[in-house]
Structures are given as structure tokens and as C-alpha cells.
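Fold and geometry: a report
Next come the chains, spelled out residue by residue.
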Amino acid sequence: MTGFTTDAFGRIVGANQVLTDPDLMRGYLADWTGRRTGAADAVVRPRTTAEVSAVVAECARTGVAVVVQGGNTGLVGGSVPEVAGGPVVVLSTARMTDVEAVDPVEMCVGVQAGATVASIAAAAAAAGTRFAIDLASRDSATAGGIVATSAGGIHVVRHGGTRAQVLGIEAVRADGRVLRRWSPLRKDNVGYDLPGLLAGSEGTLAVITGVLFAVVDQPGHTAAAVVGIDTADEVFTLIRQIRRAGLVIEAVELMTRAGVALVVEAGARPALAGSSGYQVLLEVSGADPVQRLAAVLADSGVADAVVDEGPARPLWELRERHTETIAAASTTVPVKLDVTIRRRDLDAFLADLDELIASLPYPCRLVVFGHAADGNLHVNLLDVPVEQQAEVAHRVLERVVAREGSVSAEHGIGRDKREWLSVVRDEVDVATMRAVKQAWDPDGRLNPGVLFPDAPD
Ligand SMILES: Cc1cc2nc3c(=O)[nH]c(=O)nc-3n(C[C@H](O)[C@H](O)[C@H](O)COP(=O)(O)OP(=O)(O)OC[C@H]3O[C@@H](n4cnc5c(N)ncnc54)[C@H](O)[C@@H]3O)c2cc1C
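These notes cover the structure that comes with them.

About the criteria used
Position numbers for residues count from 1 along each chain, tracking the sequence in the order it is written. Confidence filtering applies because this is a predicted model: local features only for residues at pLDDT of at least 70, side-chain atom pairs given and counted only at 80 or more, and all residues used for totals across whole chains, interfaces and linings. Heavy atoms from the whole structure form the basis of all side-chain values; hydrogens and water molecules are not counted. As used in this record, nonpolar core signifies buried Ala, Val, Leu, Ile, Met, Phe, Trp, Tyr and Cys residues forming a set joined through side-chain atoms within 4.5 Å. For each residue, the accessible area found with a 1.4 Å probe, counting protein chains only, is set against the maximum for its type, and the residue is called buried under 20%, exposed over 50%, and partly exposed in between. How far each domain reaches was decided by an automatic or database domain assignment. Contacts are assigned to residue pairs that have any heavy atoms within 4.5 Å of one another. Should DSSP find at least two bridges between two strands, the strands are regarded as paired. In DSSP terms, a helix is any run of H or I states spanning at least four residues, a strand is any run of E spanning at least two, and both are numbered starting from the N terminus. Every axis in this analysis is a line fitted to C-alpha atoms, fitted for helices over the stretch in contact. Angles between the N-to-C directions lie between 0 and 180 degrees. A cutoff of 4 Å decides nearness: a residue is near a molecule or strand if any of its heavy atoms lies inside that distance of it. Contacts described as polar in this section are N or O atom pairs within 3.5 Å, which, within protein, must combine one atom able to donate a hydrogen with one able to accept it, while residues neighboring in sequence count only if both atoms come from side chains. Only the protein chains shown count as cover for residues, and the accessible areas themselves come from Shrake-Rupley with a 1.4 Å probe. Note on residue classes: Ala, Val, Leu, Ile, Met, Phe, Trp, Tyr, Cys and Pro are nonpolar, Asp, Glu, Lys and Arg are charged, and everything else, Gly too, is polar.

1. Some remarks on the nonpolar core
- Grouped together as the largest cluster of nonpolar side chains are 49 residues, with contacts concentrated most on Leu377, Val379 and Leu381.
- Residue-level mapping places this core at the junction of two domains, with at least three residues from each of domain 3 (222–320) and domain 4 (330–420).
- In this view, Val379 contacts Val335, Lys336, Leu337, Val339, Phe349, Leu353, Leu366, Val367 and Val396; residues no more than four positions away in its chain are not counted.
- Ala141, Ala148, Ile169 and Leu194 belong to the second largest nonpolar core, which has 31 residues in total.

2. A look at the sheet that holds strand E15 (residues 335–340)
- The seven strands lie next to each other as E14-E11-E13-E12-E16-E17-E15, forming an open sheet whose pairing is antiparallel. With one partner strand each, in any of the chains shown, strand E14 (305–309) and E15 form the two edges of the open sheet. When strand polarity is set aside, the average angle formed by the axes of neighbouring strands in this sheet is 15°.
- Across eight bridges, strand E12 (residues 248–256) lies against strand E13 (residues 278–285) in antiparallel orientation. Each bridged residue has a counterpart across the sheet, and for Ala251 the counterpart in E13 is Glu283.
- Against the sheet, helix H8 (residues 234–244) touches strand E11 (222–229), E12 and E13, its axis set at about 160° to E12.

3. Focus: the side chain of His155
- Structurally, His155 can be placed in the loop between helix H5 (143–149) and helix H6 (156–159).
- Residue His155 is classed as buried on the basis of its relative accessible area, which comes to 4%.
- Sequence-distant contacts of His155, that is, excluding residues within four places in its chain, are made with Arg130, Ala132, Asp134, Gly160, Glu250, Ala251 and Glu283.

4. A few points about the sheet that holds strand E3 (residues 65–69)
- Taking strand neighbours across the sheet as the criterion, the four strands line up as E1-E2-E4-E3 in an open arrangement whose pairing is mixed. Each having just a single partner strand, strand E1 (18–19) and E3 make up the two edges of the open sheet.
- Relative to strand E2 (residues 42–44), E1 runs antiparallel, the two being bridged by two bridges. Along E2, the bridge assignment pairs Val18 with Val44.

5. Thoughts on the site of the ligand
- Around the ligand sit 36 residues, and of these Val68, Thr73, Gly74, Ser137 and Thr142 come closest.
- Within the backbone of Gly203, one N or O atom sits 3.5 Å away from a nitrogen atom of the ligand.
- A distance of 2.8 Å is found between a nitrogen atom of the ligand and a side-chain nitrogen or oxygen belonging to Glu410.
- Compared with its free state, where it exposes 970 Å², the ligand has 97% of that area covered by protein.
- For the shell around the ligand, the secondary-structure elements that each account for two or more residues are E3, H5 and strand E9 (207–214).
- When residues in the shell around the ligand are grouped by element, the largest group, five residues, is from H5.
- The residue inventory of the shell around the ligand, partitioned by class, reads 13 nonpolar, 21 polar and two charged.

6. Topic: the pairing of strand E16 (residues 365–370)
- Across the six residues of E16, five count as buried, placing the element largely inside the fold.
- Taken together, the two bridges between E12 and E16 define a ladder with antiparallel strand orientation. When the sheet's bridge partners are listed, Met255 is paired in E16 with Phe369.
- Summarising the sheet, E16 and strand E17 (residues 376–382) pair through five bridges and their orientation is antiparallel. In the sheet register, Phe369 faces E17, and the bridge partner there is His378.
- Where E16 folds back on E17, the antiparallel hairpin that results is connected by five residues, among which Gly375 adopts a positive phi of roughly 70°.

Written out as C-alpha cells, the structure reads:
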């Protein structure tokens, strides 16, 4: 480290965009869950790629670690610094919010890294198109954040995750150089897929400054339904029946009785009168979707269902209020695990969880919900005493691994799950990832402590 001073950042971005006052920095130093807090020498808020490049080059010159932060809605502790020793800055993309006009011929939209998902969706909708990524954190989560985590969300069943939407990328390398691949071409197999590599890189390889996203056609008429079922497996039968009827599945979300009860208690309107073990929220598109979806459900013998014309916000509210309601209802910060289970194992895994909860020597409420068509479950354990949280999280993930599932479906590894990397990826795989990290960030200054277990923390 040579001559580190926050004054240099002020000369690049303007002194008022370099925060060093603890009160002003506080919001940048705690994650969304409140579980992770950290310290930094400064929060730097550039406006342009040129400013990011100059800030990162200055950090390289003076040996400063860089933690990139978008909307700070990540749920695995990757967006706040926890760096032991040595200076660290949070580089916030909060001011990099430009969204270009949608190109309706190439079907793409160029955005700066700090543009929110909601603002990209609004631009896409204004041009008669749709941004395929949607998630409940849409008002805060950013383009850079969703690419860096390769976020999933509610339309993966229809359009794939964030990685599948990235056509081009602009990113600042660890030494300050700008990497730009910015072409709307759908087919361009020249060399390694660097934009694809940055998807899911969690701020450890480069600072993403801009993204060229694909947009898709608007779905036309949609219908939504909430359906009561008794086993999670029934979801896949329903999906097959709906597709066979010629409707397009836009979203499939699983909720449990416990989760629905919690959000209803918090003020959401219940959809169903019955008390099925699970409720599935379905969104479909096609001609006459309300009538046709209702007919499919009637034919399939579903006893308890409500169907409404899209966007059916009250039905969606039941699902979308889960995360915030769980956070507010738990007496301790909830343990949150985002996992994928093979479709055929969903019910068995849910039974594993019930068994685990029953065996705990302290009261614990279990709320599971998730993007069921992808086998993606968000496992939430409420009221777990703080000193027991790591152990119980470990026990859940052990069960996921035993069923050959994924310990991170869509939130990434961050700091929370880094010890699982070498459990679920073999030696050669981890060594290859480390070689990639070494090539992009030889001094280990980009988001140290994230992803790899023995990085400085
Ligand atoms: C209510 C709620 C609902 C959610 N629903 C979903 C969901 O359905 N699906 C899903 O996948 N996630 C979901 N999430 C998690 C979260 O919203 C996503 O992980 C999102 O992609 C994070 O975006 P962000 O801008 O907030 O990133 P941050 O939280 O700021 O950062 C996340 C990671 O990305 C890195 N990063 C951020 N910006 C950049 C950049 N410009 N360049 C390089 N690295 C960067 C950070 O360093 C960090 O490692 C939800 C969260 C909440 C609170």
C-alpha cells in the first residue's frame, strides 16, 4: 500500500461523492438482512465508466480493496465489506442509472450498471417489449447486481436467468482498464464468453459498468391462478397439463400453508378458502387465458383454485410479501437458504426439513417458498437463536447435498456459503475457478472474502 488517501477519489468523482462520515456510510455497510455489517475507509459514488476506471486504477496503485455494491439487496453477504486489515472502499453504482432507449429491431436495451430492474422493465414496457428478469427486489436491485449474481426471479421458467439475457457487457478490470463487448448479435462465437463469465462473478472479477440486455416480446393476455395442492410433485403434473392445452407458462411459484398464513396475518388478502398444504401461483399467457386456464384446472380435478386476469396483483402480493413478512415476523434475523432440489425429490426434501425442524431443541418456524418449476426453494428458518444459526444452516445444506441439489440456486455464494464451494465442486473445478480469479484479479483486491473460503476476511 502506497500513499492511500481518499482525497484522490474526490478529485475523480467530486468530493461530495466520497463518503467518509460514519452516519452517511452506515447504509452501505450493512446488508439487506441486517446480519452482515462491515467497515470501510470510504464509499465512492462514480457517475461514469471513466470515473470507475480512474477510481479502480487509483485503488490498484495504492493497494486498496474494492467492494462493488449495487442495490445492496443480495442475500448472501457479498455486497458489504468485511476485509480484515488494509484499506477498503465500497464502490457504489447508485449514480450510474442511465437506461438507453430500447432498440426494437435488435430487441435489446443498453443500461448503466446502477439502473434498477424496475427502471429497465419500465423502459422495455414503454417500447412494447418486456425485460425478462423480474424479482420482488426490483425497485432496488440493479443491472450490475443481477448480472454479478446471475439472478433468477419469477420468469426463469419462461426465459431463463440473467445470464441468458446478457448480450454485451462493459466492465472495469482490476487494473482500471475497460473491457467492452457491446454487440446485439445473437450469434457471436469469437473466443471465450466473457460476458457470460462475469454473470455470477459476484464482484470478484471486475466492476460491471454497463450491460446490453436482450428484451423479449410482451406476453399479451395473461391469467394468474392460485391453486391448492397437497404434494409439491403435483406442480409438475399441472405444468404439463397447462402446456399440453397450448398455454405458455410465465411463472410458477410455490407457497406453503405456513407462509401464506404469515402474509395474510400481515394484511395480504387470502386467495383460497381451503387449507391445502401448498398453494401454487401460476401465471400463463395465450388466447383467452382465464377461461382456458380455468378449464385445465377443472379437468385436472383441482378442488381449490382461483383464477384471475393478469397481472392479478392481489394474487402476486401473496407470494411477493413473503421475504419482507418473514424478516419482520422472526424474533431473530431469519436463516435464509436458497437451494435447488431435483424435481423428483421436492417432496422428500420438504419432509427432510420437517423432520429436521421437529428434532431441534428450540422453537423454530419453517417457511418455504420458491420458484417451483425450477426446483428452487427458499428455505427460511424463523426464531433460531443467533448462536445456533450457523449449525442449523449447515444441517439444511447437508440435506441438500445428500439429495444432490445445489446449495445456491440464484443468490450466489457470497460470504455465507463459501465453505460449501469445495463440498459441491471438485478439486479441479475449484482450482480452475481460482485460476480464473488469478487471471482477472491477481492481487485479490476485488471483493476479497467472497466466493473462495480461504481468501482474507
Ligand atoms: C425481497 C427480495 C426478493 C428477492 N428475490 C430474488 C429472486 O427472486 N431471485 C434472485 O435471484 N434474487 C432475489 N433476491 C436477491 C437480490 O435481489 C439479487 O441477488 C440481486 O441480483 C442483487 O442485486 P443488487 O443490485 O442489490 O446487488 P448487491 O446486493 O449490491 O450485490 C450483490 C453482489 O453483486 C456484486 N455486484 C453488485 N453490483 C456489481 C457491479 N456493478 N459489478 C460487479 N459486481 C457487482 C456485489 O459485490 C455482490 O457480490 C431478492 C432479494 C430481496 C431482498
